[in-house]
Each structure stands twice: as structure tokens, then as C-alpha cells.
Amino acid sequence: MTLASPVDGVVGELARAEGMTVMPGAMLFRINGLSTVWVNVDIPEAQAAAVVPGAPISATVPAYPGEKFAAASTPCCPTWRPRAARCARASELANPGTKLKPGMYARLEIAPVSSRESVLVPAKR
């Protein structure tokens, strides 16, 4: 029996195998659409405060050198991951032409918080 998916994408999870019994309503596959993809970013704790939600992000991937993918920073998960640079953040990237695929590595440039004018007074030693 052939089943057609109502969406384009990649199989994210295969819940059944050939020859298994399937009950009505049982999940067969989880299909991830590719119009947008999530990128997980590890940001060092010392730099995390400089990245605010909505900050512009530019991503590049080795598979498409010179091509940039745009995104905006999304709110950070409030928990720190001690073994992974102590901060995890996720951002949604636009994926024109569905070029980006799950599992790809990306290099991100995140614009820091815009600075404001201030007076700097040197400390007297």
C-alpha cells in the first residue's frame, strides 16, 4: 500500500518497520518540513548577555560556500548546559529552496546588542 504525505520534508522518525501490524490512528512516520529549520547554537556564558531575542543572525554552511541564510535570535532556554559552553539557544532559519538539511553544521554571525553612548572614566590607581 502506498501512502502519500500531505507535506514535503524528510523522515524525522520511523515508528514502524516492514511487516509490523498497524492499528488505526497509529503513527507511522514523523515528517519534518524544510521550509524553515532550527539551528542549535552554543554561546559562551560570558557572551550570552550580548545576544537578545530578535538580534539578526547570518548563517553559512560548508555545503554552500558564500551563501548566507538569515534568521533572528529567539529567546534562550533559561537552563545552562555545563558541558556545552554553558548556554544553548535555538533559532529558526529561513530555508529557501530547502537547501538546509537536519544534521548540517553552520557557522553563525550574531549581531550584538547595539551600544549606547556613555562616558568612560578611567580608574585612578
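What counts, and where the lines are drawn
- Residues numbered from 1 in each chain as written.
- Predicted model: local features only at pLDDT ≥ 70, side-chain atom pairs only at ≥ 80, totals over all residues.
- Heavy atoms only, no water.
- Helix = DSSP H or I, 4+ residues; strand = E, 2+ residues; numbered from the N terminus.
- Buried < 20%, exposed > 50% of the residue type's maximum accessible area, 1.4 Å probe, protein only.
- Contact = heavy atoms within 4.5 Å.
- Phe/Tyr/Trp six-rings, centres within 6.5 Å; stacked < 30°, edge-to-face > 60°.
- Lys NZ or Arg CZ within 6 Å of the ring centre and 35° of its normal.
- Salt bridge = Lys/Arg side-chain N within 4 Å of Asp/Glu carboxyl O.
- pLDDT = per-residue confidence, 0-100.

Some details on the overall build of the protein chain
Here is step 1: Within the protein chain one finds 1 helix and 7 strands.
Here is step 2: Each helix and strand of the protein chain, ordered N terminal to C terminal, gives the series β-β-β-α-β-β-β-β.
Here is step 3: Counting every position in the protein chain, which comprises 125 residues, the buried fraction comes to 19%.
Here is step 4: A separation of at least 24 residues holds for 59% of the contacts in the protein chain among residues at least 6 apart in sequence.

Focus: the side chain of Ser-58
Here is step 1: By the element assignment, Ser-58 lies in strand 4 (residues 56-60).
Here is step 2: Overall, Ser-58 belongs to the buried group, its relative accessible area being 18%.
Here is step 3: Filtering out sequence-adjacent residues up to four positions away, Ser-58 remains in contact with Lys-68, Phe-69, Arg-107, Leu-108 and Glu-109.

Some points on the packing of aromatic side chains
Here is step 1: Here the structure, examined in full by the defined rule, presents 0 aromatic pairs.
Here is step 2: The ring centre of Tyr-64 lies 5.2 Å from the NZ or CZ of Lys-99, which sits over that ring.

Brief notes about the side chain of Asn-95
Here is step 1: Of note, Asn-95 is situated in the loop between strand 6 (88-94) and strand 7 (107-110).
Here is step 2: Once you skip the residues sitting within four places of it in the chain, Asn-95 turns out to touch Leu-34, Ser-35, Thr-36, Val-37 and Leu-100.

Comments concerning the pattern of salt bridges
Here is step 1: All chains considered together, the criterion is met by 3 salt bridges.
Here is step 2: Between Glu-13 and Arg-30 there is a salt bridge, with the nearest N and O atoms lying 3.4 Å from each other. Here Glu-13, found in strand 1 (residues 10-14), pairs with Arg-30, found in strand 2 (residues 29-32); they are 17 residues apart in sequence, far enough to count as distant.
Here is step 3: A relative accessible area of 35% means that Arg-30 is categorised as partly exposed.
Here is step 4: The salt bridge involving Lys-99 is made with Glu-67; its shortest N-O contact spans 3.0 Å. Of this pair, Lys-99 sits in the loop between strand 6 and strand 7 while Glu-67 sits in the loop between strand 4 and strand 5 (69-73); the two residues are 32 residues apart in sequence, bridging distant segments of the chain.

Here we look at the confidence of the model for the protein chain
Close reading of the predicted structure is inappropriate where its pLDDT is low.
Here is step 1: The pLDDT averaged across the protein chain works out to 78; a share of 86% of its residues lies at or above 70.
Here is step 2: Taken element by element, the predicted model of the protein chain shows its lowest mean pLDDT in helix 1 (residues 45-48) (74) and its highest in strand 4 (88).

Looking at the environment of Ala-63
Here is step 1: Mapped onto the fold, Ala-63 is located in the loop between strand 4 and strand 5.
Here is step 2: A residue is classified by how much of its surface remains accessible, and Ala-63, at 47% relative accessible area, is partly exposed.
Here is step 3: Separated by 41 residues in the primary sequence, Ala-63 and Met-104 place their C-alpha atoms 8.7 Å from one another.

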